[in-house]
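If you want the building blocks of each chain, they are given just below.
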Amino acid sequence: QIYVAAPGENWLETMDDVIDTYVRKSAKANSGVDDLEKDDYERRRKQYMEGGWLHAGTSDEVFELLRPFAQLGISNVMCWMAFGHNSDERVLASLERFATEVMPRLNRMKTKKMLIIT
């Protein structure tokens, strides 16, 4: 999941309701839990925010989050931009920022040569 924030945007505030919806709906879909206890909700949200599920921030921050993959030579990424009932306008704006501000930088990166022994 990727969200590229607008310059000056506090994405944690902007995306709070989206993140909340995603955490709650994924608990229902994956565990059948419809009404999360506060501790369970906070644990799941922390795990979501810190567990590598969400790559969000400014274009510079998202670039830095994705840089290790590009350095390994990974040249394709599947972006899940429309998650948590995010608005179409916000998704399209984030996608445009990703395409114009993040992707070109990733494409210009030099990759490490890897030796794979089978």
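One can find the structure itself at the top, above this paragraph.
Each chain carries its own residue numbering, running from 1 in the written order of its sequence. Side-chain atom pairs in this predicted model are given and counted only at pLDDT of 80 or more, local residue features only at pLDDT of at least 70, and totals for whole chains, interfaces and linings cover all residues. Side-chain metrics rest on all non-hydrogen atoms present in the structure, leaving aside hydrogens and water.

*Asks:* If you had to explain the layout of surface pockets to someone new, which residues and values would you point to?
*Replies:* Definitions used for this entry: grid spacing 1 Å over protein atoms alone; cavity, a set of points where a 1.4 Å probe fits but cannot get out; pocket, an open set with protein on both sides within 12 Å along at least 5 of 7 lines; lining residue, one with an atom within 4 Å of a point. Grid points are joined across faces, edges and corners, and a volume is the space filled by probe spheres set on the points. The calculated volume of the largest pocket comes to roughly 400 Å³. Every residue lining the largest pocket is counted, 18 residues in all, and those nearest its centre are I74, S75, N76, V77 and L106. Here a helix means four or more residues in a row that DSSP labels H or I, a strand means two or more in a row labelled E, and each is numbered from the N terminus. Going through the elements one at a time, α4 (59–71) and α5 (88–107) are the ones with two or more residues in the lining of the largest pocket. It is α5 that provides the largest number of residues to the lining of the largest pocket, a total of four residues. Roughly 210 Å³ of internal volume is contained in the second largest pocket. In this structure, the second largest pocket is lined by Y22, V23, S26, A27, N30, R44, Q47, Y48 and W53. Among the secondary structure elements, those contributing two or more residues to the lining of the second largest pocket are α2 (16–31) and α3 (38–50). The leading source of residues in the lining of the second largest pocket is α2, at five residues. Classification convention: Asp, Glu, Lys, Arg as charged; Ala, Val, Leu, Ile, Met, Phe, Trp, Tyr, Cys, Pro as nonpolar; all other residues, Gly among them, as polar. Its residues assigned to classes, the lining of the second largest pocket comprises five nonpolar, three polar and one charged.

*Asks:* Run through the packing of aromatic side chains, naming residues and quoting values.
*Replies:* For Phe, Tyr and Trp, where Trp contributes only its six-membered ring, two rings pair if their centres lie within 6.5 Å, and the inter-plane angle classes them as stacked under 30 degrees, edge-to-face over 60, or tilted in between. One pass over the full model with this rule turns up four aromatic pairs. Between Y22 and Y48, the ring centres sit 5.0 Å apart and the planes meet at 35 degrees, which makes this aromatic pair tilted. Of this pair, Y22 sits in helix α2 while Y48 is found in helix α3, placing the two residues 26 residues apart along the sequence. Exposure categories follow from relative accessible area, calculated using a 1.4 Å probe and restricted to protein chains: below 20% of the type maximum is buried, above 50% is exposed, and the middle band is partly exposed. Looking at Y22, the relative accessible area reads 16%, which means it is buried. Between W80 and F83, the aromatic rings sit 6.4 Å apart at their centres with planes inclined by 75 degrees, giving edge-to-face as the arrangement. Looking at F83, the relative accessible area reads 1%, which means it is buried. Here the aromatic cluster, defined as three or more aromatic residues joined through ring pairs, consists of Y22, Y48, W80 and F83. For a lysine, the NZ atom is tested; for an arginine, the CZ atom; a charge sits over a ring if that atom is within 6 Å of the ring centre and within 35 degrees of the ring normal. The cationic tip of R24 hangs over the ring face of Y41; the distance from NZ or CZ to the ring centre is 4.3 Å. Sitting above the plane of the F63 ring, R105 keeps its charged end 4.0 Å from the centroid.

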